[in-house]
Amino acid sequence: MFDDIITKSKVKSPWLYHLNTGSCNGCDIELISILTPRYDVERFGIKLTGTPRQADIVVVTGPLTSQSKDRALKVLSQVPDPKVVVSLGSCPMSGNVFKGSYSIEAPLDRFVDVDVSVAGCPPKPEAIIDGIIKAIEILKDKRG
Amino acid sequence: MKFPYAGNALKDFFSKPSTERYPKVKKEAPKGYRGKISYDPEKCIACGMCIRVCSPGAITMTKGEKNDEGQLIEMKFNLNSCTFCQMCADFCPRGAIKLTTQYSMIATDKNELVVSGSFIKKIPPKPTVKTVQQSKAKTEASGSK
Ligand code: SF4
Ligand code: SF4
Ligand code: SF4
């Protein structure tokens, strides 16, 4: 019974982990802005967590630089299943203007399953909120 | 002792929260916001200018076989590679590209984030044999002078 309650409340209150893989900081600033009182995603029960081991939703920004690739994949593997990976901005989806560079390993979906992609460079905070709402829906489905 | 923000604090007690109730209350992007690309194949002439100026190489043009009717041209704007810089729209000589204020571009499969359009480029009519001969005669005449 306790497990049921815990599973239900986990869906109601997904914790978010922000993983920067060499982003230009544009997407990070926009992601931070949705945690501020102005947009306040805590309305949906979301809380930013500092450790991947407690996260349900991972938001990945940046074009996955060679330096950060192994570390990023290590961090992603530490997130307990079921997890939802959100790729934020054009960078993790394709490498954006950096694609073809010797130090870029994008796209991210070469290495992990990406559940939600939010386009934009950077996406508007409202678009990020839309993406996170979608991620919560997917998390609900995954938890059953 | 002074309380410099006491007035503000008191006012904020009775004012509405500044949080935007986004998904419930829809929000318009400001004028000039560079969002989702809209492409009008009717206006395009397949000059390729947009492809030249696009720094992340988000635009691709596929050319079909040439036949009597013309040539099928397909343009693809890959939004998952776009930086939304609006260079393509600024450089397009025909104004076929516009960046709309639609900001919400969410997909579970990133390949859905592509704007595409196709049209048939008409091949210009071949000049008749007569005019070619005439022009030849003209150049010869002017050359002999
Ligand atoms: S998508 Fe654009 S804003 Fe976001 S990290 Fe990449 S370059 Fe920066
Ligand atoms: S807005 Fe910029 S990045 Fe996007 S397709 Fe046009 S030129 Fe390329
Ligand atoms: S969209 Fe504009 S710039 Fe691009 S090929 Fe067509 S006419 Fe040329």
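Residues numbered from 1 in each chain as written. Chains lettered and ligands numbered in written order. Predicted model: local features only at pLDDT ≥ 70, side-chain atom pairs only at ≥ 80, totals over all residues. Heavy atoms only, no water.

Visitor: I'd love a proper account of the overall build of chain A, names of residues and values included.
Guide: Each helix and strand counted, chain A has five helices and five strands in total. Mapped in sequence order, the helices and strands of chain A form the string α-β-α-β-β-α-β-α-β-α. Its C-alpha atoms give chain A a radius of gyration of 15 Å, within 12% of the compact-globule value 15 Å for 144 residues. Taken across its 144 residues, chain A has 51% of its residues classed as buried. Taking the intrachain contacts of chain A between residues at least 6 apart in sequence as the baseline, contacts between residues at least 24 apart amount to 83%. For chain A, the accessible area works out to roughly 6,800 Å², and carbon and sulfur atoms hold 54% of it. Looking at charge distribution, chain A has the averaged site of its 18 positive side-chain charges lying 2 Å from that of its 17 negative ones. (Helix = DSSP H or I, 4+ residues; strand = E, 2+ residues; numbered from the N terminus. Rg over C-alpha atoms; globule rule 2.2 N^0.38 Å. Buried < 20%, exposed > 50% of the residue type's maximum accessible area, 1.4 Å probe, protein only. Contact = heavy atoms within 4.5 Å. Areas by Shrake-Rupley, 256 points an atom, 1.4 Å probe, with all protein chains shown as cover. Lys, Arg positive; Asp, Glu negative; His and termini not counted. Charge placed at Lys NZ, Arg CZ, Asp CG, Glu CD.)

Visitor: I'd like a rundown of the site of ligand 1, residues and numbers included.
Guide: Residue and element names in this part refer to chain A. Ser 23, Cys 24, Gly 26, Cys 27, Gly 89, Ser 90, Cys 91, Asn 96, Gly 120, Cys 121 and Pro 122 make up every residue found near ligand 1. Elements supplying a minimum of two residues to the shell around ligand 1: α2 (26-33) and α4 (90-94). Classifying every residue of the shell around ligand 1 gives five nonpolar, six polar and no charged. (Near = heavy atom within 4 Å. Nonpolar A, V, L, I, M, F, W, Y, C, P; charged D, E, K, R; others polar.)

Visitor: For the site of ligand 3, give the residues involved together with the corresponding values.
Guide: Taken together, 13 residues sit near ligand 3, with B:Cys44, B:Cys47, B:Gly48, B:Cys50 and B:Cys92 positioned nearest. Taken together, the residues of the shell around ligand 3 break down into twelve nonpolar, one polar and no charged.

Visitor: Which residues make up the pattern of salt bridges, and what values do they have?
Guide: Applying the stated criterion across every chain, the model contains nine salt bridges over all chains. For B:Glu20, the salt bridge identified is with A:Arg38, shortest N-O distance 2.6 Å. One end of the pair, B:Glu20, is in the loop between α1 (6-14) and β1 (37-39); the other, A:Arg38, is in the loop between α2 and β2 (47-48), on a second chain. Looking at A:Arg38, the relative accessible area reads 40%, which means it is partly exposed. Note that A:Glu105 is salt-bridged to A:Arg110, the shortest N-O span being 3.8 Å. Connected through shared salt-bridge partners, A:Arg38, A:Lys124, A:Glu126, B:Glu20 and B:Lys27 make up one network. (Salt bridge = Lys/Arg side-chain N within 4 Å of Asp/Glu carboxyl O.)

Visitor: Please provide a residue-by-residue account of the side chain of A:Ser33, values included.
Guide: All names here are of chain A. In this fold, Ser 33 is placed in helix α2. For Ser 33, a relative accessible area of 16% corresponds to the buried category. Excluding its chain neighbours within four sequence positions, the residues that come into contact with Ser 33 are Tyr 39 and Pro 125.

Visitor: Kindly report on the sheet that holds strand β1 (residues 15-20) of chain A, identifying the contributing residues and their values.
Guide: Strand order in this open sheet of six strands is β2(A)-β1(A)-β3(A)-β4(A)-β5(A)-β5(B), and the pairing throughout is mixed. Each end of this open sheet is capped by a strand with a single partner; those strands are β2 of chain A together with β5 (106-107) of chain B. In this sheet, strand β4 (residues 84-88) of chain A lies alongside strand β3 (residues 57-61) of chain A in parallel orientation, the contact comprising five bridges. Within β4(A), the residue paired with A:Val60 across the bridge is A:Ser87. (Pairing = 2+ DSSP bridges.)

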